[in-house]
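Spelled out, the chains give:
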Amino acid sequence: MQVCVIGTGYVGLVTGVCLSHIGHDVICVDNNEEKVKLMQSGQSPIYEPGLSELMQSSAASGRLQFTSDLAQGVAHGEILFIAVGTPPLPTGESDTRYVEAVARGIGANLNGDYKVIVNKSTVPIGSGDWVRMIVLEGVDEQQKSQKSLVTAGNVSSKAKEEQANFDVVSNPEFLREGSAVYDTFNPDRIVLGSNSPKALGMMKDLYQPLVNREAAQDKSLPPVPVVVTDLSSAEMIKYAANSFLATKISFINEVANICDRVGADVTQVAQGIGLDSRIGSKFLNAGIGWGGSCFPKDVAALIHTADDYGYEPELLKAAVNVNVRQRLIILEKLQHELKILKGKTIGLLGLTFKPDTDDMRDAPALQLIEQLNRLGAKVKAYDPIVSQSGLSHGLSGVIIEGNAEMLADGCDALVLVTDWQEFVKLNYQKMATLMTHPVIIDGRNCLDPKVLKEAGFHYLGVGR
Ligand code: UDX
Ligand code: UDX
C-alpha cells in the first residue's frame, strides 16, 4: 500500500522503514532538512539496533523515500501516519502544536481521494476528534485561499465534510527504544481505534504481514492479536500501558528502599514475586528509576487529563514521586560513603536513559549531574554511545571520558547509571587501582557484588 509517515523520530522513522520492509511503498516526511538529507544518503539520524541496515535494503528496493515536502507525502499516501513529537509542557500537558501543524498541513493538501489519517504519536485522550477538526480547518483554509481566486459560492459545512474524504485512526506505538525494530516486527498486540469500518479494514490490510509474523523472530507463534476499539479507548490503552509499567517500576523501587533498611535483597524479592504469572518478572528491576521520552511524558499527561476531568490520580502521582526521589537516593548513598562531596570527583558509568539508545531525554544522569555540581563535586562520565559520538548531546557540568579506565582515573567514587552490557565485563581490578576511593554505587543492580568486592571495590546496590 502507499504510505506516508510524517515525523521521522524514534517512532516515525522505525515505523516507515519497517512498513517498507514488509512490502509497502513509503514516503517519510520531516520538516528538518538536515535530517532528510542524512536519510536520503542512507544514514539514520538516530541509533536503533538494526535500523540502518533495514534503511539501506528498503531504500534499494525503491519502496522508501525521504522528503521535507508534506504535499508530496500526502498525495502519495492512502494511509498518512502522524508521528511527530508530543513533548511535555511544564504543566505536564502534552505539547500538541506539532501534531496540529501537521494535521492542518494534511488538510490543506487533501485532493479528494480517500485517506486514512493515523495518530501514531501519543496524543492526549480525545485527540482523535480534535485531529479531525484540525484537518477540516486545513481543508477550509485551503478552499478559502482557492476561493479567493475563483469566486465560488459558500460551500456548506456538510458539503465540506463530504469533500474532506478521510477518517482518523488511533494506532498507538509500544516501541521500546533500543529494541524499536524488534518490537515493530514482534508486537504483543496491535491496537486500532476508529469508528470507520473502511479505515479499520485498510489498517488491517496494512498490518497483515505483521499479524502473520512474516518478519517475526518466531514465525511459529499464533497471529498477533489486533485490538479494535473506539478512538478514546485506543488512546487510553497507550497511556494506561506506560503508566502501569512506570508504576510497576516505582513499586519495586519502593520495595528496594525498604529492603535497604531491613537487609533484604530486592533482586531476590523481584525474582520471588516475578514468578507469579499474575505479576511477571519483567520491569521489576530496581534502581535509579525511569527516564526517557515516554514514561515521564505519558504519566504526566495522564495525571493532567485526570486533573482536567476532576479526578485526583493519587496512585499515578505517587509513582512519579517515588521515581523523582529515587535519583536523590543515589546521591544520599554517595554522601553516606564520602561524607563531603564538595571537591570530590565522581565518575558516572552511562549517561543515556537506558542501554542501546542514544536518547538522553529525561535521563536520570542529567539530574545526578545537576545535583552533584550543585554540591561542588567534579563530574566525569563514560557512555558507550555518547563518548563515541563525540557530541556531548548538549551536556554541561560533566567531562566526557573516552573509556571506563580514563573515567576511573582519580575518581573518589563511581556510579553506574545505565546498565550497558559492556559495564558487566570491565577491568574493575585495574579501575580500583586508578581511583582515590574504590567505591561504586550500582544504580541498576546490574553488577555482581562478589566480583566487584574481589576487585577491591566497596560495592553498594539499590535495595541489596
Ligand atoms: C514521538 C512522540 O514524542 C511520542 O510521544 C510518540 O509516541 C511518537 O512520536 P519520537 O519519535 O521520539 O516520539 O519524536 P521525536 O524524536 O521528537 O521526532 C519527531 C520528528 O518529527 C522529528 O524528526 C521532527 O523533526 C519531526 N517534525 C516535528 C516534523 O516533521 N514536523 C513538525 O511539525 C514537527
Ligand atoms: C517505553 C515502553 O516500554 C514502550 O512500550 C513505550 O512505547 C515507550 O516507552 P522506553 O521508554 O523506550 O519504552 O524504555 P523502557 O525500556 O520502557 O524503559 C523506560 C525506563 O524505565 C528506562 O529509564 C529504564 O531504565 C527504566 N526501567 C525499565 C527500570 O528502571 N526498571 C525496569 O525494570 C525496566
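Residues numbered from 1 in each chain as written. Chains lettered and ligands numbered in written order. Predicted model: local features only at pLDDT ≥ 70, side-chain atom pairs only at ≥ 80, totals over all residues. Heavy atoms only, no water.

Engineer: So what about unusual backbone geometry? Which residues, and what values?
Structural biologist: Generally, phi is negative for residues other than glycine and the peptide bonds are trans, each holding for most cases. Its identity as a non-glycine residue notwithstanding, Phe283 has a phi of 60°, on the positive side. Tracing the chain through its elements places Phe283 in the loop between α11 (266-274) and α12 (295-308). Although it is not a glycine, Asp356 sits at a positive phi angle of roughly 60°. Of note, Asp356 is situated in the loop between β9 (345-349) and α14 (364-374). (Helix = DSSP H or I, 4+ residues; strand = E, 2+ residues; numbered from the N terminus.)

Engineer: Residue-level account of the packing of helix α10 (residues 231-262) against α12, with values.
Structural biologist: Interaxial distance between α10 and α12 falls to 9 Å at its minimum, and their mutual angle equals 115°. By the angle between their directions, the pair α10 and α12 is classed as roughly perpendicular. Crossing angle aside, the handedness with which α10 passes α12 is left-handed. Contacts between α10 and α12 pair Met236, Lys238, Tyr239, Asn242, Ser243, Leu245, Ala246 and Ile249 from the former with Phe295, Asp298, Val299, Ala301 and Leu302 from the latter. For the contact of α10 with α12, the residue count by class is 9 nonpolar, 2 polar and 2 charged. (Axes fitted to C-alpha atoms, helices over the stretch in contact; angles between N-to-C directions. Parallel < 35°, antiparallel > 145°, perpendicular 65-115°, else oblique. Left-handed = near helix turned anticlockwise from the far one by under 90°. Contact = heavy atoms within 4.5 Å. Nonpolar A, V, L, I, M, F, W, Y, C, P; charged D, E, K, R; others polar.)

Engineer: I'd like to hear about the site of ligand 1, residue by residue, with values.
Structural biologist: Close contacts around ligand 1 come from 20 residues, with Asp30, Lys35, Thr122, Glu173 and Lys297 the closest. Within the side chain of Thr86, an N or O atom sits 2.8 Å from an oxygen atom of ligand 1. Measuring from an oxygen atom of ligand 1, one finds a side-chain N or O atom of Thr122 at 2.6 Å. When isolated, ligand 1 has an accessible area of 690 Å², and the protein chains bury 87% of it. Considered class by class, the residues forming the shell around ligand 1 number 6 nonpolar, 9 polar and 5 charged. (Near = heavy atom within 4 Å. Polar contact = N/O pair within 3.5 Å; in protein donor to acceptor, adjacent residues only side chain to side chain. Areas by Shrake-Rupley, 256 points an atom, 1.4 Å probe, with all protein chains shown as cover.)

Engineer: Requested: an account of the domain arrangement of the chain, with residues and values cited.
Structural biologist: Split by domain assignment, the chain resolves into domain 1 (2-229) and domain 2 (263-464). Measuring from the centre of the C-alpha atoms in domain 1 to the corresponding centre in domain 2 gives 35 Å. Listed by partner, the interface residues are 17 residues for domain 1 and 18 residues for domain 2. With both sides pooled, the region where domain 1 packs onto domain 2 buries about 1300 Å², and carbon together with sulfur makes up 53% of that total. Looking at the side of domain 1 facing domain 2, the largest losses of area belong to Tyr10, Tyr47 and Glu177, adding up to 40% of the total buried there. In this structure, Glu177 and Arg361 form a salt bridge, with 3.8 Å as the shortest nitrogen-oxygen distance. Scanning the region where domain 1 abuts domain 2 turns up 6 residue pairs in polar contact (both at pLDDT 80 or more). (Domains from an automatic or database assignment. Buried area = accessible area lost by both parts, 1.4 Å probe. Salt bridge = Lys/Arg side-chain N within 4 Å of Asp/Glu carboxyl O.)

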